[in-house]
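Structure assessment
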Amino acid sequence: MPAKAISDKQPTALWLVFATEMWERFSYYAMRSILILYMVYLLGMGKENASNLYGTFTSLVYLSTLLGGFLADRYLGQKWAIVIGGLFIAGGMFVMSVPSLGMLYAAMGCIILGNGFFKPNITAIVGQLYEKNDPRRDGGFTIFYMSVNIGAFFGPLAVGSFALADNYAAAFWIAGAGMIIGLVLFLLGYKKFMPGVGLPPTKKPVFYKDPAIWALAGSAALVALYLTGLHALAWILFAILAIVYLFYMRNVKGKKSEGTQPLTKTEKQQIAVIGIMAFFTIFFWAAFEQAGAALNLFAYEYTDRVIHLFGKTWEIPANWFQSLNPLYIVIFAPVFSKIWLALAKKGKEPSTPAKFVISLWLLAIGFAIMVLGAFALIGNAKISLFYLAFAYLFHTFSELCISPVGKSMVTKLAPARLVSLLMGMWFLSNAAANKLAGVYSGYFQKISNVQFFLWLVIVPLLVSGILMLCMKGIKKWMHGVH
């Protein structure tokens, strides 16, 4: 029997998903790039409160993907989850254009829910475009990943001038319009290019009898309680809810799980490695995510953004610096990919834990540049924009050593039956890191700029040192996985 011909051409539907994701990321990063500025300079929030709220918001954006993925798998299907998510996101952007604290909270709630429905399911749709062993799959996901960075690059650029002129309403409307464009493209192209993809499951649990639904409803109520400021009470009740749900599932479905194959010692150790590395990534992302809060405020207040060209003076919007990271990724991601491949061919490619160490070093170098910039602030003088430009460059290098490497590690170490669960745990570390980033960003201007950035040098170096001490044991528990 002749072998099945392998096509080099990607599915046409991939470009539809590419465009949809690009516009959604355009919308999100346009909003995110001005959010802290909007809260501080228009709504008049204190920097500490604004940073904490920013951290809570971005943290819940990650957590909400668990809800959206669950509901799509059991009830909605990916197609309608994407549509619902897009509508929530666009609505949130439009609501945020109304300058009041109440509307800000309502808008954040819409965007959190919308992202939860949209983000995991647009990614799942990509996987459904290919058969399991289709060699085009990895290339398709690479193309899809580029859509994220293209949207993230143009989003801040599109709204920056409006934010600079304090016309935040127009900026948020542009962000909302971007999501609407992506949604319209998806709906118009779906029937022609990807009919039957991402439809609801044929067999659905009875909604009101599903214990997971009640657990999620309780979790949503506790998130609302958390946002009101009752943090400790919300965490205690959430822990109680989780324990009750887990005991319920163990008792009700215990018999069904009796035949489940137990984890081997090797699998347990490899899962432990995922948990350990997820813990270390919290420190990385908590520092890296200063980009949207503290570094954004620093760009606004301490960076000389005025340039002179052809006899004219022009001020660069502070949020435009948020476009540097996706630009650098587009430029340097292929370079790093070739570096790892070249080292692998020579048998010198660093192990995954070693790449994490390198990442933390590069992150520290980026913030060391900001320490130098903070020392250069004398009186009312502002520093050159090149400090931020080079800091973001090293931060991008550090991201390329940890973000794709970490996700790849999870897929290699996780038992096949637990890949989705452990990938969810990996993203939970991002949620924790974003909240921690907001908390630390609240110290901006409460301590000196030198101290603020110096701690962001010291902590990654200390964490990298601890990781190096643990590296031998971690590599042993990886059992040959590089």
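This is a predicted model, so every value here is computed, not measured.

Conventions and cut-offs
Residues numbered from 1 in each chain as written. Predicted model: local features only at pLDDT ≥ 70, side-chain atom pairs only at ≥ 80, totals over all residues. Heavy atoms only, no water. Helix = DSSP H or I, 4+ residues; strand = E, 2+ residues; numbered from the N terminus. Buried < 20%, exposed > 50% of the residue type's maximum accessible area, 1.4 Å probe, protein only. Areas by Shrake-Rupley, 256 points an atom, 1.4 Å probe, with all protein chains shown as cover. Phe/Tyr/Trp six-rings, centres within 6.5 Å; stacked < 30°, edge-to-face > 60°. Lys NZ or Arg CZ within 6 Å of the ring centre and 35° of its normal. 1 Å grid on protein atoms, 1.4 Å probe; cavity = no way out; pocket = protein on both sides within 12 Å on 5 of 7 lines; lining within 4 Å. Points joined across faces, edges and corners; volume = space filled by probe spheres on them. Nonpolar A, V, L, I, M, F, W, Y, C, P; charged D, E, K, R; others polar. Salt bridge = Lys/Arg side-chain N within 4 Å of Asp/Glu carboxyl O. Axes fitted to C-alpha atoms, helices over the stretch in contact; angles between N-to-C directions. Parallel < 35°, antiparallel > 145°, perpendicular 65-115°, else oblique. Contact = heavy atoms within 4.5 Å. Pairing = 2+ DSSP bridges. Expected span 1.5 Å × (residues − 1). Core = buried A, V, L, I, M, F, W, Y, C linked by side-chain atoms within 4.5 Å. Bend = angle between axes of the 7 residues up to and from the residue. pLDDT = per-residue confidence, 0-100.

Regarding the overall build of the protein chain
Of regular secondary structure, the protein chain possesses 15 helices and 4 strands. Looking at the protein chain as a whole, 48% of its 482 residues qualify as buried. With an accessible surface of roughly 23200 Å², the protein chain has 70% of that area assigned to carbon and sulfur atoms.

A closer look at the packing of aromatic side chains
Under the definition given, this model contains 29 aromatic pairs. Judged by centre distance (5.2 Å) and plane angle (65°), the ring pair of Trp-23 and Phe-26 falls under edge-to-face. Taken together, the residues Trp-23 and Phe-26, both in helix 1 (residues 12-42) and 3 residues apart, mark about one turn of the helix. For Trp-23, a relative accessible area of 24% translates into the label partly exposed. Residue Phe-26 is classed as buried on the basis of its relative accessible area of 10%. Each ring, one from Phe-394 and one from Phe-397, has its centre 5.9 Å from the other, and the planes form 75°; the classification is edge-to-face. Of this pair, Phe-394 and Phe-397 both sit in helix 13 (residues 386-413), separated by 3 residues, roughly a single helical turn. When its relative accessible area of 22% is taken as the criterion, Phe-394 is described as partly exposed. The exposure class of Phe-397 is buried, given its relative accessible area of 16%. Grouping aromatic residues by their ring pairs yields a cluster made of Phe-298, Tyr-302, Phe-367, Tyr-440, Tyr-443, Phe-444, Phe-452 and Phe-453. It is Arg-305 that lies over the ring of Tyr-300; its NZ or CZ is 5.6 Å from the centre. The aromatic ring of Trp-340 is capped on one face by Lys-355, whose charged end is 4.3 Å from the ring centroid.

Notes on empty space enclosed by the protein
Leftover empty space is mapped by rolling, across the atoms, a probe with the size of a water molecule. The full count for this structure, using the stated rule, is 1 cavity of 30 Å³ or more. Roughly 50 Å³ of volume is contained in the largest cavity. In this structure, the largest cavity is lined by Ile-34, Leu-37, Gly-160, Ala-163, Leu-164, Tyr-300, Pro-317, Ala-318 and Asn-319. Elements with a contribution of two residues or more to the lining of the largest cavity: helix 1 and helix 5 (137-164). A per-element tally of the lining of the largest cavity places helix 5 first, with 3 residues. Residue composition of the lining of the largest cavity, by class: 7 nonpolar, 2 polar and no charged.

Overview of the pattern of salt bridges
Taken as a whole and assessed by the stated rule, the structure comprises 7 salt bridges. Linking Glu-349 and Lys-355 is a salt bridge whose minimum nitrogen-to-oxygen distance equals 2.6 Å. The exposure class of Lys-355 is buried, given its relative accessible area of 7%.

Overview of the packing of helix 9 (residues 265-288) against helix 15 (residues 449-478)
The contact between helix 9 and helix 15 brings their axes to 11 Å, and the two run at 170°. The pairing of helix 9 with helix 15 is recorded here as roughly antiparallel in orientation. When helix 9 is examined against helix 15, the residues Gln-269, Gln-270, Ala-272, Val-273, Ile-276, Met-277, Phe-280, Phe-283 and Ala-287 are found in contact with a partner set consisting of Leu-456, Val-459, Val-463, Ile-466, Leu-467, Ile-474, Trp-477 and Met-478. Looking at the contact of helix 9 with helix 15, its residues break down into 15 nonpolar, 2 polar and no charged.

Some remarks on the pairing of strand 2 (residues 306-309)
As paired strands, strand 2 and strand 3 (residues 312-315) are joined by 4 bridges and run antiparallel to one another. Residue pairing in the sheet places Ile-307 in a bridge with Trp-314 of strand 3. Adjacent in sequence and paired antiparallel, strand 2 and strand 3 are bridged by 2 residues, among which Phe-310 carries a positive phi angle near 50°.

Focus on helix 12 (residues 352-375)
In this model, helix 12 (24 residues) spans 35 Å end to end at C-alpha, consistent with the 34 Å of a helix rising 1.5 Å per residue. Across the 24 residues that make up helix 12, a large majority, 18, are buried.

Digging into the nonpolar core
Residues Met-39, Met-96, Met-194 and Phe-453 are the most contacted members of the largest nonpolar core, which totals 120 residues. With 14 residues, helix 1 is the largest single contributor of residues to this core. When sequence neighbours within four positions are dropped, the list of residues in contact with Met-194 reads Ala-13, Leu-16, Val-17, Ile-125, Leu-129, Phe-186 and Gly-189. Of all hydrophobic cores here, the second largest spans 5 residues; its members include Ala-72, Tyr-75, Ala-81 and Phe-117.

Overview of helix 1
A rise of 1.5 Å per residue sets the reference length of helix 1, with its 31 residues, at 45 Å; its end C-alpha atoms lie 44 Å apart and thus fit the reference within 8%. At Ile-34, helix 1 shows its largest kink, close to 40°. In the stretch just after helix 1, Gly-44 is the one whose phi turns positive, near 75°.

Some remarks on the environment of Ala-19
Along the chain, the position of Ala-19 falls in helix 1. Distance in space between the C-alpha atoms of Ala-19 and Leu-183 is 9.5 Å, their sequence separation being 164 residues.

Some remarks on the environment of Cys-401
Relative to the elements of secondary structure, Cys-401 occurs in helix 13. Classification of Cys-401 as buried rests on a relative accessible area of 1%. Residues contacting Cys-401, with those up to four places away along its chain left out, are Phe-336, Trp-340, Lys-355, Phe-356, Ile-358, Ser-359 and Leu-362.

Comments concerning the side chain of Asn-296
Within the element layout of this structure, Asn-296 appears in helix 10 (residues 294-302). Given the relative accessible area of 0%, Asn-296 is considered buried. Setting aside its immediate chain neighbours within four residues, Asn-296 contacts Ser-33, Ile-36, Leu-37, Gln-290, Ala-291, Ala-318, Asn-319 and Gln-322.

Observations regarding the confidence of the model for the protein chain
Confidence in the prediction of the protein chain, expressed as mean pLDDT, is 85, and 85% of residues score 70 or more. The low-confidence segment residues 255-259 (pLDDT under 50) makes 0 contacts with residues lying over four places distant or belonging to another chain.

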